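# Structural characterization, general
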Amino acid sequence: MWQADLENGNYKNPILYADYSDPDAIRVGDDYFMVASSFSNAPGLPLLHSKDLVNWKVVNYCVDKVPEFRYRNPIHGCGVWAPSIRFHEGLFYVCFPMPDEGIYMTTAKDPFGKWSEPVNIRPGAGWIDPCPFWDDDGKAYLVAGVAKSRIGYKSVLHIVEMQPDGMGLIGDEVKIFDGNENDQVTIEGPKMYKRNGWYYLFAPAGGVKTGWQTILRSKSPWGPYEYKVVLRQGDSPVNGPHQGAWVDTVTGEDWFIHFQDVYAAGRICHLQPMHWENDWPVIGVNKPGNEYGEPVMEYKKPDIGRTKEELEDRLKYPVCEPGTTDEFTQDKLGLQWQWNANPDAGWAEFAVNARGEKAEAAEENSCIKLNAVAASALRPIGDYRNLLLQKWPAPEFRCITKMNFSGLKDGDFAGIVSLGMKYSAMGILRKADRYILKMVTAEQDFDCDVPYTDENVTLVPLEAGVDEFDINKDIYFRYTVKCTGYEDHSEMNVPVKNVPKETITMEISFDGKDYIHGFSIDSKAGRWVGVKNGMFCTHDNKSKEAPGFVTADYVRYGKLN
């Protein structure tokens, strides 16, 4: 879908055209690991792995569910915010904020295995974007930003001593930088490092869509800190460029991963070369006369210390991207999927045939069964708990979903969904013995306190023999994302130019060839996240009949013709 590796020794940006927001990354040996925000989706905290900083795959999630009971329902924009990942004395640490609940820590000896139950090391609202740091003398620290929406002010960075095991804090926090007192408003997302006796904080400022990268440095973790801007958009098309991570290679090269907010598609990840001038980093490529860098769109791949022959071993060094297409041949949910909220057992079953029964032959083990989950009559589709979702994988794409609806019961509604602040759904509704094509569009602010909205609903009765409709046969849905142009926006009275404008189209087919009853909507991102698409199966909680189910044989992504 999106290949950053040009296979000629170069790569193109972004390295991930998918919504891996607020990335942080580390190198351990010759392996690279990256984590990203996941908000109220579950499982949470995706863990990505790479061998060369360009080709990435999702290999795990650090939390099975979002901590705290209230996330049994989707709370858009809340939950797991910008995390950090570190490796210390044989243990992987991921520290993440939940702006209403506190700062959490989870650990693992094997990052591909089970992570520990998260511990809230600083209960309470307000702190965000934490990063742990272990110093050479054995002391440990935690640096963090603040969220004005929870604490009443912004643009301030704090540091506090941390227990060496990372499971608690020591003493009181100290304010080490206030962006309100200079030209670094909205500074946030600090990541702490040490080099040549200097303590560094890499932190973005100026706003997600309009800002730049600032570096703070001091001879003491407690400050005072001086600062310098080291990366700006300049003449590049990369607005932002926002928070990320400094990583190096075994050959001594320095690189910086950051995100760019492209609105509907979310926060996509870029890789920039980095070098040092007078103990200050410069990110990207600096033009003559500039002390800061600008983002690159194509560059030579990182030197990871391997020969050309070794790099051609595609088993060890694959050209790859996070997964999308799913044939449902596994006995568990694929890593490309997340639920709209913390799931309950029984929402999905695996290794079933189209009738939802346990398959007897291996070749039949190719369906996922989605059981209908009761939905509140007042909650719109965007707030259904059991939406099964994926990130957009490219600027344009097409997704075909093959489903069987013979298991529907009275009151069930199932199909495909596109979730953003503008959302849509297309599916089959069963009312008694009648089947109805239901199409829904709506716009929702995703305000945590106002979860309800008006939906525009179109109902088309489906009669046997008409348009070749037969409820016992498979039905196909086509979901298409197409870029229709570019437009300018204004954020905080700062222009953002050439923002992609995408149209989302949904269609249905009863033979897998001819698609009918299509409709389109303009795209609009979710709350801090890009648009996601996927499947669902719900029950109206009114029928006396027990809820039914649907099966999905596959979900296949492809490029537009």
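These notes cover the structure that comes with them. Being a predicted model, the structure only gives us computed values, none of them experimental.

### What about the overall build of the protein?
Of regular secondary structure, the protein possesses two helices and 37 strands. For a compact globule of 561 residues, the expected C-alpha radius of gyration is about 24 Å, and the protein comes in at 24 Å, within 12% of that figure. Dimensions of the protein, computed from the C-alpha atoms along their principal axes, are close to 75 × 50 × 50 Å. Buried residues in the protein amount to 60% of all 561 residues. The long-range fraction of contacts in the protein, counting pairs at least 24 apart against all pairs at least 6 apart in sequence, stands at 59%.

### Thoughts on the sheet that holds strand β2 (residues 24-28)
On the basis of which strands lie adjacent, the open sheet formed by four strands has the order β2-β3-β4-β5 and antiparallel pairing. Looking at the sheet topology across the chains shown, the edges are occupied by β2 and β5 (56-63). Each neighbouring strand pair of the sheet contributes to a mean axis angle of 25 degrees, computed without reference to strand direction. Across four bridges, the pairing between strand β3 (residues 31-35) and strand β4 (residues 44-50) is antiparallel. Bridge pairing in β4 places Val-35 opposite Leu-47.

### Quick notes on the sheet that holds strand β28 (residues 397-404)
Strand order in the open sheet formed by seven strands is β24-β25-β37-β28-β33-β34-β35, with antiparallel pairing between adjacent strands. With partners counted over all chains shown, the strands left at the sheet margins are β24 (348-352) and β35 (515-522), one partner each. Each strand axis lies, on average, 30 degrees off the axis of its neighbour in the sheet, ignoring direction. In the sheet, strand β33 (residues 475-491) pairs with strand β34 (residues 494-509) via 14 bridges, with the strands oriented antiparallel. Bridged to Cys-483 within β34 is Glu-502.

### Examining the packing of aromatic side chains
If you walk through the whole model with that rule in mind, you get 27 aromatic pairs. Their ring planes at 55 degrees and their centres at 4.7 Å tell us that Phe-87 and Phe-92 sit as a pair that is tilted. With relative accessibility at 37%, the residue Phe-87 sits in the partly exposed group. Using a relative accessible area of 5% as the deciding quantity, one classes Phe-92 as buried. Residues Phe-177 and Tyr-227 carry aromatic rings whose centres are separated by 5.6 Å and whose planes lie at 75 degrees to one another, so their mutual orientation is edge-to-face. A residue pair is termed long-range when its members are at least 10 positions apart, and Phe-177 in strand β13 (residues 169-178) and Tyr-227 in strand β17 (residues 226-231) qualify at 50 residues. According to the relative accessible area criterion, Phe-177 is buried, its value standing at 7%. Taken together, Tyr-193, Tyr-200, Phe-202, Trp-246, Phe-256 and Trp-276 form an aromatic cluster joined through their ring pairs.

### A short note on the pattern of salt bridges
Taken as a whole and assessed by the stated rule, the structure comprises 38 salt bridges. Put simply, Asp-30 and Lys-51 hold a salt bridge, and the shortest N to O gap is 3.2 Å. With a gap of 21 residues between them, Asp-30 in the loop between β2 and β3 and Lys-51 in the loop between β4 and β5 connect regions that are remote in the sequence. Owing to a relative accessible area of 27%, Asp-30 belongs among the partly exposed residues under this scheme. The exposure class assigned to Lys-51 is partly exposed, which follows from its relative accessible area of 23%. Beyond isolated ion pairs, a larger network of salt bridges with shared partners links Asp-30, Asp-31, Lys-51, Arg-306 and Glu-310.

Criteria and thresholds
- Residues numbered from 1 in each chain as written.
- Predicted model: local features only at pLDDT ≥ 70, side-chain atom pairs only at ≥ 80, totals over all residues.
- Heavy atoms only, no water.
- Helix = DSSP H or I, 4+ residues; strand = E, 2+ residues; numbered from the N terminus.
- Rg over C-alpha atoms; globule rule 2.2 N^0.38 Å.
- Buried < 20%, exposed > 50% of the residue type's maximum accessible area, 1.4 Å probe, protein only.
- Contact = heavy atoms within 4.5 Å.
- Pairing = 2+ DSSP bridges.
- Axes fitted to C-alpha atoms, helices over the stretch in contact; angles between N-to-C directions.
- Phe/Tyr/Trp six-rings, centres within 6.5 Å; stacked < 30°, edge-to-face > 60°.
- Salt bridge = Lys/Arg side-chain N within 4 Å of Asp/Glu carboxyl O.

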